[in-house]
Every structure is written in C-alpha cells, then in structure tokens.
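Structural description and commentary
Residue strings, one per chain:
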Amino acid sequence: MIRTHDAGSLRASDAGTTVTLAGWVARRRDHGGVIFVDLRDGSGIVQVVFREGDPAEQAHALRNEFCIKVTGEIGRRPAGNENPELPTGEIEVTAAELTILSEAAALPLPVDDHVDAGDDVRLRYRYLDLRRSGPSRALKLRSRANQIARRVLDERDFYEIETPTLTRSTPEGARDFLVPVRLQPGTWYALPQSPQLFKQLLMVAGMERYYQIARCYRDEDFRADRQPEFTQLDIEMSFVTQDDVIELGEAIVGALWRDLAGYEISTPIPRITWHEAMSRYGSDKPDLRYGVELTDLTEYLRGTEFRVFAGAIDAGGYVGAVVMPGGAGQSRKELDDWQDWAKARGARGLAYVVLDAETGQARGPVAKNLSEAHLAGLADAVGAKPGDAVFFAAAARARDAQELLGAARIEIASRAGLVDQSAWAFCWVVDAPMFEHDDEGGWTAVHHPFTSPNGEWLDRFEEAPDRALAYAYDIVCNGNEIGGGSIRIHRADVQRRVFNTLGISERDASDKFGFLLEAFKYGPPPHGGIALGWDRLCMLLAGADSIREVIAFPKTRGGFDPLTGAPTPITAQQRTEAGIDAKPKATAPQAGTAGVAVPVEPTP
RNA sequence: GGUCCUGUGGAGCAGUUGGAGUGCUCGCCGCCCUGUCAAGGCGGAGGUCGCGGGUUCAAGUCCCGUCAGGACCGCCA
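Owing to the predicted nature of the structure, the values given are computational and were not obtained by experimental measurement.

Overview of the overall build of chain A
Per the secondary structure count, chain A includes 15 helices and 22 strands. The burial tally for chain A puts 48% of its 604 residues in the buried class. Taking contacts inside chain A between residues at least 6 apart in sequence as the whole, the part at least 24 apart equals 67%. Carbon and sulfur atoms form 49% of the exposed surface of chain A, whose accessible area is close to 29,800 Å². Both charge centroids of chain A, one from 67 positive and one from 88 negative side chains, sit 3 Å from each other.

As for the pairing of strand β22 (residues 527-533)
Burial runs high along β22: six of the seven residues are buried. Across seven bridges, strand β10 (residues 229-238) lies against β22 in antiparallel orientation. Paired with D234 across the two strands is A531, which belongs to β22. One ladder, built from five bridges, connects strand β21 (residues 480-487) with β22; its direction is antiparallel.

A word on the protein's contact with RNA strand B
By nearness alone, 47 residues border RNA strand B, and R27, R51, V446, H447 and R557 come closest of all. Each atom of RNA strand B within 4 Å of the protein belongs either to a base or to sugar and phosphate, the latter forming 52%. In the model, a phosphate oxygen of RNA strand B is placed 3.1 Å from a nitrogen or oxygen of the R27 side chain. One of the side-chain N or O atoms of E92 is found 2.5 Å from a base nitrogen in RNA strand B. At the level of secondary structure, the elements contributing two or more residues to the surface near RNA strand B comprise β1 (18-30) and α2 (119-124). The leading source of residues in the surface near RNA strand B is β1, at three residues.

Description of a positive patch on the surface
A cluster of basic side chains, namely R223, R226, K285 and R557, defines a positive patch on the protein surface. Structurally, R226 is set in the loop between β9 (209-217) and β10.

With respect to the state of the cysteines
One pass over the full model with this rule turns up zero disulfides. The structure places no disulfide on C477, whose sulfur is separated from the nearest cysteine sulfur, that of C427, by 9.3 Å.

Concerning unusual backbone geometry
For the bond running from T267 to P268, omega is 0°, close enough to zero to count as cis. Between A566 and P567 the backbone carries a cis peptide bond, its omega angle lying at 0°. By secondary structure assignment, the location of P567 is in the loop between α14 (534-542) and α15 (572-578). Positive phi outside glycine occurs at E208, with the angle close to 65°.

Quick word on the environment of L297
Note that L297 resides in the loop between β12 (295-296) and α8 (307-314). Separated by 161 residues in sequence, L297 and S136 have C-alpha atoms that sit 50 Å apart.

A short note on a nonpolar patch on the surface
Together, Y127, F553 and L563 make up a nonpolar patch on the protein surface, roughly 290 Å² of accessible area in all. Inspection of the secondary structure assignment puts Y127 in helix α3 (residues 126-129). Here Y127 falls in the partly exposed class, since its relative accessible area comes to 44%.

Looking at the packing of helix α5 (residues 196-204) against helix α13 (residues 506-519)
α13 packs onto α5 with a crossing angle of 20° between their chain directions and a minimal axis gap of 9 Å. The angle between α5 and α13 places the two elements in the roughly parallel class. Crossing handedness for the pair α5 and α13: left-handed. When α5 is examined against α13, the residues L197, Q200, L201 and V204 are found in contact with a partner set consisting of F515, L516 and A519. Class assignment for the residues of the contact of α5 with α13 results in six nonpolar, one polar and no charged.

A closer look at the pairing of strand β17 (residues 426-430)
Among the five residues that make up β17, five are buried, leaving the element largely enclosed by the rest of the structure. Burial of the side chains of β17 extends over both faces: F426, W428 and V430 are buried on one face and C427 and V429 on the other. Note that strand β11 (residues 271-273) and β17 share three bridges and pair parallel. Its bridge partner lying in β17, I272 is registered against V429. Of the pairings in the sheet, the one linking β17 to strand β20 (residues 472-477) comprises four bridges and is antiparallel in character. Each residue of the ladder has a partner; that of C427, found in β20, is V476.

Side note on the pattern of salt bridges
Once their charged atoms are close, side chains differing in charge can pair, the charge on each being opposite to the other. Applying the stated criterion to the full structure yields 47 salt bridges. Where R289 meets D287, a salt bridge forms, and the shortest distance between an N and an O atom there is 2.7 Å. You can call D287 buried: its relative accessible area is 8%. With its nearest N and O atoms 3.3 Å apart, the salt bridge here joins D336 to R332. Here D336 and its partner R332 are both found in helix α9 (residues 332-344), four residues apart, which amounts to about one turn of the helix. Relative accessible area serves as the criterion here: at 33%, D336 is assigned to the partly exposed category.

Scoring rules and cut-offs
- Residues numbered from 1 in each chain as written.
- Chains lettered and ligands numbered in written order.
- Predicted model: local features only at pLDDT ≥ 70, side-chain atom pairs only at ≥ 80, totals over all residues.
- Heavy atoms only, no water.
- Helix = DSSP H or I, 4+ residues; strand = E, 2+ residues; numbered from the N terminus.
- Buried < 20%, exposed > 50% of the residue type's maximum accessible area, 1.4 Å probe, protein only.
- Contact = heavy atoms within 4.5 Å.
- Areas by Shrake-Rupley, 256 points an atom, 1.4 Å probe, with all protein chains shown as cover.
- Lys, Arg positive; Asp, Glu negative; His and termini not counted.
- Charge placed at Lys NZ, Arg CZ, Asp CG, Glu CD.
- Pairing = 2+ DSSP bridges.
- Near = heavy atom within 4 Å.
- Polar contact = N/O pair within 3.5 Å; in protein donor to acceptor, adjacent residues only side chain to side chain.
- Patch = residues over 30% accessible without salt bridge, like charges linked within 9 Å, V, L, I, M, F, W, Y side chains within 5 Å.
- Salt bridge = Lys/Arg side-chain N within 4 Å of Asp/Glu carboxyl O.
- Disulfide = S-S within 2.5 Å.
- Axes fitted to C-alpha atoms, helices over the stretch in contact; angles between N-to-C directions.
- Parallel < 35°, antiparallel > 145°, perpendicular 65-115°, else oblique.
- Left-handed = near helix turned anticlockwise from the far one by under 90°.
- Nonpolar A, V, L, I, M, F, W, Y, C, P; charged D, E, K, R; others polar.

And the structure:
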C-alpha cells in the first residue's frame, strides 16, 4: 500500500508515530508561513501542517481535490487548537514530505458538504459528488445492507443463485426492455422484470432456499422511488407457509434496522388485511406513523338529498370522510387549493365541511346540501372536533373514493405536521385480493397469475373473483411498500382454474410460460417467497428522499445518464449486425408477450 | 400522454411595477499573511439571463413554443 495509515483513524494515542497518508486535499488554509491542509481519504479527514522547507513550498500550489501523498509525524495539536468537530481533532500530521499524485482541474461542482448542487450537475460529475460525505455514506450503507442480508440468509442455509438477465419476454405487468439477438436475427431477448419464473424453477429443481440480489428492469416512467433498472433482494423457499416467509422477512428487516438504523423493530410486525387497510387508510401501503383514519359514511348518509353523495350510494358505492385536525382555520384559498389538488388526481373535487372553532357549527358549500340531522351528527360520526375540517369523497366504486381519501390523509398529515419524522412504523398488508377487473370487463391478477388463493378460497375463487383472497403479503414501512410476495400455486388443477378465470386459454398459457407449466408436471414442491425493494429500503435506511441517492450512477427521469450520455444512437453497422430490422423466420419461436409475432419489414 | 415547480458567470442564490448584465456567498487567477479548521486581507478575470419567437420605445422580468432538471397523475403483475 502507498499509505501506512488511514487518515480518519488517527488519534492522540498515535502521537509520535511517523505515518504516510494518501488522499485528497479537502481544504487548504494557507497562512503564508504555515499551511494547513485537510487530507481526506475513505476513512475520514486529518489536518496536515506544512511549516518550512520544500514541502511547504510545494504546498502553496495545492488546490482542492489534488490527490496527494504525505509523510510526517503525528503530534498533538498545541493546547487550545484542538478541533472537537473532528474525530482526529486532537492531533495533526507535520509534513516532512509531500508528493502530488495527481492534480485536479478547477471543479465543476464543489466537493463540499455545505453546498448542494442540482441533480443534473451532480449526476454528470457523480464521481465528484460521491467524494462528499453524505452521498458516500449512502452507498456505503447500502453495501452494509447487502452484507447483513447475506449474513441472515446464509445463517438460514439459503443459496445465492444467479439467474439470466437475457431472457424471454414474459407476460408480466410492465413493459419489457428488449435486446436484439445477432445470432438469430429477428428475435429478441427481454431483460427480466424480476427473476420470478426462474426462482420458481429453482424450487422445482430442489434448491429449496434461494436468494439473489437481483437487478430487474421495467420500461415504465420514473418516480423519485422508481428507476428503470432497480434491485430486489429476491427470495424463494420450498415447503413453507405464509407465516414462514413473513417470519423470514421480519428477521431480515429486523437485522437491517437494528444494525443500520439503531432501531429495534418489535416483532411480530402487525398485520392488517388489505381490505382493512383500504377502508381505514385508503391505501394498500398505509403510513401508520399517524392516525387520521377514514370513516365510512355510506350508511350514515343514506337518504341524503345531496346528489353527489346520493348518486354514489344509489349505485351501490361508497361515501367516506377524513378529518383534518385544525383544518377549519384554513383560508379560502387553501380550501380552494384542495380542489385543485383533487382535480390533479382525476377527481371532480373534494367536498368539505368546516366546523366552527367556537360553536362547532358546520359551514362550507357542502353544508347547505346536507340535512340538519346529518349535519348535527356529523362531528360524532367522523370523530371531528370544533375547528376541524371534514373532507368527503364519494364514488360508485368504493376503492376510487377510498384512494382519494387516502391520498388526502397523507396530504393532511403533511400539511398539518402530523408526521413524526423519527418514527418507524411497519406493517404487513395481508389477504390481498386475487383478482381485479381489467379494462375489458375481464379479470386480471392483482399480484401475478401464479399467486395461490388462500385456504378459504382455494376451492371456490371462481364463485366470486372480486372477493377471492390470495396468500399475498406486502411489507410496508412509513407508507412505502418495501417488499412483497406470495405463496405460489403448485397444483396444476388450481393453476388451470386461475388461468381460466383470467381468460388465459391453455394455448396462451403454453405459449407464454409453457416452460414453467412443463416444469410443474414433475413434482413441484409447495413454495413461496418475497422480494424486497432494495433501492427503496436502502433509501429509507439512509434517510434519503430519492432512490437516486443509494444508486451509484442513477439516471435522470428522462432515462438519460448525464455521465455517460446513454442512451445513444447506434451506427448503421451495429443496426445491421444486431438484426433489428430482420424479418423473423416463419419457424421462429412463439412470440414472447403478444401471442403472435408481428412481422418486421426491413427498413431501407 | 397530462398537471405543476425550476432554469441568471464554474457552484449555490437574490434580482421589486417591464427601465444599464444589478448584487451576494463560494470557487478560479495574482499578491499578502506563522495556528487555521466553511481561515483572513487586497486586487482581478469570468455572462447567449436554457433556446426560439412574439408584445413593447424598452424584456432576466409579460405571452407562445421548445429543451433540460425535479415533483405528482396516468403507467408500474
């Protein structure tokens, strides 16, 4: 090694030792006769002093982020000159020798913890951004999270197994990324949206306990917590029940929060059914750091003459409310803003009533439309106090109104300052529905088509697909879904019935994932698993607002990488070689997703 | 595909009612400086106000379009 010690590790007990350090100039304070340089390496910062002689002459020329090597003796700082802000603040290194390993040009972005730059500049010079302590710490934390997960899984006899990233387009929810295949022009690989099918095959293969820190790809639009390539801690186990998988999930998450957040999660983590989550919180990933629960007013308001509510109730729908504590104090403009907020979510508006802080009397546009009796009992019905505001939503489909109220609940908590930023609130959302209506009047799988109905519905989910429940579970932290999984179907007859309900013909099923069904002919074990959204989970542990902070080289929301400039056009030669424009042969394999291959004509 | 916010020397910001590229902090270049630690002092360089069009006697400022970054909706089994 070029260095003998790590800069950040030096302490008063090292005084008198001669050391060689290597790192970067974090800051230079040139007093003419004496020069201080803060030398930073991966371990931290130590102050180097240049007083006289050649090293001091050289040190005048140092600039921020020069890469240097310094040899010198560690000494206690003169009394009164200690810096309690630094772990190494009691000592300094008196330079006897200085080597400039490499110089740094004027910086396009300050490597300074006190200044934050815009995202585009940070990403373009991400290697400089990562020299700063915050971004650096986030990546190092993620590395430790990986190790902790591997440790827990290894202790439980899991095997870490890699699966292909060039694979077959599968009929999962999102758009696939496609890769042209030079060796078979006109055919395409897809990048996996998850290793779902492979890990099930590994169960058939008798691996019994599999995990992988797996890169997944989905060609959908970006969010603060979504990139097109992302990472899952993917796990699958044979011969287990839902409780076994949940226990494992708690062991992993418990270890992560214990070691990386200094927080002991009390287990078992509370479970809430999907339906209860929707009716109480208007979300399938409820943030339990605060209350502000929804109230179902469908029965209470039955018979109302207010058309908006009556219409929903008559259609067999739902009317509900959520209370904003102190919301009556909002200005007219703030209340109008709520209407814009609701419209931005595709709602027609957000009906509200404010309760006078003195008299408790209900006021507001909607109050005129409600009967005396309905108004008189409203505060008690929704648990509101004088000075509160009550927001209403009504819809023919309960879930639409609940989701609007759920979004309002989050907004209320944020605006009213009800969120305890230091709190951790975990829960499992269990008993998710098997199916939901698709746009064409049929059914689609809420989770995926291999998810098993629970014990209660296994033999009769066809009777009421809208009410059938699955062995599917999501783990939620502070309103973020950090993982989800299910017990899979391992019986051919059940799988056939599920396909039937989904309107997937035998031929379709065999075209799309015949290889999995084929495998399931040969004694598949009962199995289930979970996938933890690793970027999101690390983001929470790092206290970051975006998963970009825990990704070494993230992309901007346009899918652009400002550092490499990807994506780029390709050359004509690359295009020809890749076979992008080749016409698939008549004997080409079955199309991946759409069922029938779309003929591709070569472009001139 | 839609809604909203932002874009001003290398970085971060301010810029009022439309009136001179106006200001601040940092960085950069030069000089000075022996105990600083986001060192300090003096001097200096550096600008297509994202881009294009329009309104106007006059646009960083108002309008339209466009590009880029961000937040959200749609989308994401």
